[in-house]
Amino acid sequence: LSTNGAFIAGEPLPLLSRVSFEFELQDFGAVTVFGWTLWRRSADCEIPLPDGASALLPQGFGILFEAIPLDARIAIHKLVARATA
């Protein structure tokens, strides 16, 4: 999740699909967004990490938000900032 989009795990949608979905945002409530599928991963994959371990990336697709309420975008920014601090 970011202020500009989100990754959705699951069966990938065709590229440039227009989507609408709703999700719960911690300390905010329900958020309804509209967006576009900009990329997709058709299968799970494993990538190496710098420390020698690996990370599993699930199949799914990336959404670019087209429309999202400004107060929700600000709440996402604060949530992401706390998570990366």
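## Brief notes about the sheet that holds strand S3 (residues 29–41)
Phase 1: With antiparallel pairing, the four strands of this open sheet are ordered in space as S1-S6-S3-S2. Across the chains shown, the open sheet's two edge strands, defined by having one partner strand only, are strand S1 (5–9) and strand S2 (18–25). Between one strand axis and the next, the sheet turns by 45° as a mean value, whatever way the strands run.
Phase 2: Relative to S3, S2 runs antiparallel, the two being bridged by eight bridges. By the bridge assignment, Leu25 is partnered in S3 with Gly29.

## Topic: the side chain of Ser17
Phase 1: Inspection of the secondary structure puts Ser17 in the loop between S1 and S2.
Phase 2: Given the relative accessible area of 17%, Ser17 is considered buried.
Phase 3: Reaching out from Ser17, the side chain makes a polar contact with the backbone oxygen of Pro14 at a distance of 2.6 Å.
Phase 4: Contacts of Ser17, omitting those with residues within four sequence positions, involve Gly35, Trp36 and Thr37.

Definitions and cut-offs
Residues numbered from 1 in each chain as written. Predicted model: local features only at pLDDT ≥ 70, side-chain atom pairs only at ≥ 80, totals over all residues. Heavy atoms only, no water. Pairing = 2+ DSSP bridges. Helix = DSSP H or I, 4+ residues; strand = E, 2+ residues; numbered from the N terminus. Axes fitted to C-alpha atoms, helices over the stretch in contact; angles between N-to-C directions. Buried < 20%, exposed > 50% of the residue type's maximum accessible area, 1.4 Å probe, protein only. Polar contact = N/O pair within 3.5 Å; in protein donor to acceptor, adjacent residues only side chain to side chain. Contact = heavy atoms within 4.5 Å.

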